[in-house]
2 protein chains.
Amino acid sequence: MFLDLYQKVRDEKNSILCVGLDVVMQKFLKRDMGVEILEFCLDVVEKTSDYACAYKPNSQFILFDLNLNQLRKLNQAIHDKGCISILDHKLGDIGSTNLSALHWISEAGFDAFTLSPFAGNILETTARAHRRGLGVFVLTLMSNPESSWIQKESMIGGVPLYLEIAQKVREGGSDGVVVGATDNTTTEDIRKIREKIGEDRVFLCPGVGAQGGDPEKIIKAAGPNILINVSRTIVDSVNQQEKAKQFQEQFNKHR
Amino acid sequence: MFLDLYQKVRDEKNSILCVGLDVVMQKFLKRDMGVEILEFCLDVVEKTSDYACAYKPNSQFILFDLNLNQLRKLNQAIHDKGCISILDHKLGDIGSTNLSALHWISEAGFDAFTLSPFAGNILETTARAHRRGLGVFVLTLMSNPESSWIQKESMIGGVPLYLEIAQKVREGGSDGVVVGATDNTTTEDIRKIREKIGEDRVFLCPGVGAQGGDPEKIIKAAGPNILINVSRTIVDSVNQQEKAKQFQEQFNKHR
């Protein structure tokens with residue numbers, strides 16, 4: 001069960017920090033992008049893993065130039081440090097295609113991945129992921145304000161779409177929800193999502209750091225089973241170690 | 001403009017067939033998956049390009065093990081045959097992350113890609129894609145029946161979500177819509193989408209072949225600017241060339 005893994009690592013590390021491996025390609029010399037990106041990610045893991053519970057590599061930054069062996073090396077390094085690896089993949093295809101993604105995500109050694117609910121197959125994909133030992137985080141309320149018209153203003157039988165998604169997360173046994181920590185999300189939104197999914201699912205909350213989200217608000221409303229993701233503010237820093245330590249401590253103050 | 005490219009290739013090739021490069025990994029020997037997958041895809045292109053307007057590699061099948069140079073080789077082969085290459089990526093992230101994807105999709109030499117509307121940023125992503133010369137197809141009504149609750153039953157001010165998406169495609173200048181050709185989509189759905197997006201956008205319709213969709217229905221209702229995608233029925237066939245030819249002819253009968 002992903003929840004057990006999460007709680008074990010969170011308590012061992014005394015951290016709810018998830019470091020997003022958002023790698024800006026302009027930094028690299030383009031001799032061999034795959035090698036350079038892998039080295040950069042391994043260096044971030046080396047410097048920050050004392051303070052992090054999880055890492056979240058994003059497919060849009062790494063998948064075009066890291067091959068399967070390089071993804072395995074990255075996940076091995078994350079696991080060697082006792083941390084969790086979540087592929088921010090936003091998978092959202094039909095069943096037969098999702099099966100291919102699940103095969104590769106599992107082969108590459110990730111512990112969990114993010115799923116977009118747009119293709120509607122939350123239950124099917126969660127069941128198939130669990131058969132491969134993979135946890136599933138379903139995009140529920142995103143951190144960017146442009147998402148409001150579809151996620152908050154769409155209604156199904158009087159219920160806003162993001163709460164209907166939370167309901168499917170509950171029913172389908174998905175392991176968690178992705179809920180932005182930015183101003184796009186109110187305390188009331190977080191409480192309603194927690195009520196729908198129950199206490200035994202994990203909130204994964206991006207939007208703190210570069211996007212300006214308030215971690216205190218989201219930690220207090222979502223409760224103990226939570227990961228707060230910080231990407232650019234750590235990864236782009238000249239002192240990644242110190243930044244990660246600061247975020248760990250800041251988040252722990254509010255728990 | 002993507003529309004000009006599409007119309008030129010469609011008329012030169014006398015085909016509205018798009019071949020989906022859905023590569024089933026169990027076929028391969030796993031010596032070097034990237035090399036084997038690339039060879040398989042190049043072979044499909046070689047055998048079917050006389051009958052196809054476009055190819056649609058899907059990220060969930062190819063992105064975990066083809067690197068940038070291999071993606072470039074695939075796109076070069078597709079272009080050498082005078083065809084279009086559309087990455088079925090279902091991109092759906094926040095702006096800064098989508099920029100990374102756009103960079104890589106462009107670097108790899110694709111002509112267009114598919115975008116999921118779930119993150120809400122159709123207008124922003126389309127404008128940014130156009131600056132890089134990339135066409136954008138927005139998922140509007142998918143081919144799998146599990147998608148109905150979110151795409152057809154969600155309403156915004158009395159309008160079903162898929163028609164609100166079609167409206168944003170019109171306003172945002174996106175180049176086309178992805179609309180499943182399966183029973184999930186009615187003739188009336190197709191007509192309403194075409195009315196919203198206008199005649200100058202391209203329908204990309206998966207669901208014919210393995211998923212059992214009726215090409216006649218969708219060609220008649222959507223009009224001339226259309227691509228019908230067939231993946232497994234061609235790619236898994238022992239006679240890919242003959243299958244592609246049959247689909248080209250069948251589709252042309254209904255145009």
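Further up the page is the structure itself.
Since the structure is predicted, the reported quantities are computational estimates derived from the model, not experimental observations.

A. Up close: the side chain of B:Asn58. Assignment of secondary structure puts B:Asn58 in the loop between strand E2 (54-57) and helix H3 (59-62). In terms of polar contacts, B:Asn58 uses its side chain to reach the side chain of B:Asp88, at 3.4 Å. Ignoring sequence-local partners within four residues, the contact set of B:Asn58 consists of A:Asp93, A:Thr97, B:Leu21, B:Asp22, B:Asp88 and B:Lys90.

B. Inspection of the interface of chain A and chain B at higher detail. The partner chain B presents 59 residues to the 59 residues of chain A that form the contact. With both chains or domains summed, chain A and chain B bury close to 4800 Å², and 66% of this area falls on carbon and sulfur atoms. Sorting the residues of chain A by area buried against chain B places A:Phe64, A:Phe118 and A:Trp149 first, and these three jointly supply 20% of that buried surface. Counting every contact that joins chain A to chain B gives 2 salt bridges. One salt bridge connects A:Asp93 with B:Lys90, and the closest N-O pair in it is separated by 2.9 Å. Counting across the interface, chain A meets chain B through 23 residue pairs in polar contact (both at pLDDT 80 or more). The dominant element in the side of chain A that touches chain B, judged by the number of residues it contributes, is helix H5 (residues 95-107) of chain A, at 9 residues. Split by residue class, the side of chain A that touches chain B holds 28 nonpolar, 19 polar and 12 charged.

C. Region of interest: the nonpolar core. Residues A:Phe113, A:Ile193, A:Phe203, B:Phe113, B:Ile193 and B:Phe203 are the most contacted members of the largest nonpolar core, which totals 182 residues. Non-local contacts of B:Phe113, meaning those with residues more than four positions away in its chain, are made with B:Ile86, B:Leu87, B:Leu91, B:Leu102, B:Ile105, B:Thr125, B:Ala129, B:Leu134, B:Gly135, B:Val136 and B:Phe137.

D. Representation of the relation of the copies chain A and chain B in the model. Turning chain A through 180 degrees and shifting it by 0.0 Å along the axis lays it on chain B, with an RMSD of 0.0 Å. Taken together, the turn and the small shift mark the pair as related by a two-fold rotation axis. Residue by residue, 100% of the interface of chain A is reproduced at the interface of chain B, so both copies engage with the same surface.

E. Geometry of the packing of aromatic side chains. According to the stated counting rule, one finds 6 aromatic pairs over all chains in the structure shown. Ring centres of A:Phe64 and B:Trp104 lie 6.3 Å apart, and the angle between their planes is 5 degrees; on these two criteria the pair is classed as stacked. Pair noted here: A:Phe64 is in the loop between helix H3 (59-62) and helix H4 (68-80) and B:Trp104 is in helix H5 (residues 95-107), and the two residues belong to different chains. As far as the burial class goes, A:Phe64 and B:Trp104 line up, both buried. The ring of B:Trp149 has A:Lys168 sitting right over it, with the charged end atom 4.3 Å from the ring centre.

Cut-offs applied
Along each chain, residues carry numbers from 1 onward, in the same order as the chain's sequence is written. As they are written, the chains are lettered A onward and the ligands numbered 1 onward, keeping that order. Predicted model: local features are reported for residues with pLDDT of at least 70 only, side-chain atom pairs are reported and counted for 80 or more only, and whole-chain, interface and lining totals are derived from all residues. The basis for the side-chain values is all heavy atoms of the structure; hydrogens and waters are excluded. Going along the chain from the N terminus, every DSSP run of H or I of four or more residues is numbered as a helix, and every run of E of two or more is numbered as a strand. Two N or O atoms count as a polar contact when they lie within 3.5 Å, although within protein this holds only if one can serve as hydrogen donor and the other as acceptor, and sequence-adjacent residues are included solely when both atoms are side-chain atoms. When checking whether two residues touch, look at their non-hydrogen atoms; a contact exists if any pair is within 4.5 Å. As a working definition, buried area equals the accessible area (1.4 Å probe) given up by two parts on being put together, with both sides summed. One speaks of a salt bridge when a side-chain nitrogen belonging to Lys or Arg is within 4 Å of a carboxyl oxygen belonging to Asp or Glu. Amino acid classes used here: Ala, Val, Leu, Ile, Met, Phe, Trp, Tyr, Cys and Pro are nonpolar; Asp, Glu, Lys and Arg are charged; the rest, including Gly, are polar. To form a nonpolar core, buried Ala, Val, Leu, Ile, Met, Phe, Trp, Tyr and Cys residues must be joined to one another through side-chain atoms within 4.5 Å. Burial here depends on accessible area, computed with a 1.4 Å probe over protein chains only, as a share of the maximum for the residue type. Under 20% is buried, over 50% is exposed, and the range in between is partly exposed. Copy-to-copy superposition: least squares on the C-alpha atoms, limited to residues that have pLDDT of at least 70 in both copies. Between rings of Phe, Tyr and Trp, where Trp is taken as its six-membered ring, a pair exists when centres lie within 6.5 Å; planes separated by under 30 degrees are stacked, by over 60 edge-to-face, and by other angles tilted. A ring is considered to have a charge above it if a Lys NZ or an Arg CZ atom is located within 6 Å of its centre and within 35 degrees of its normal.

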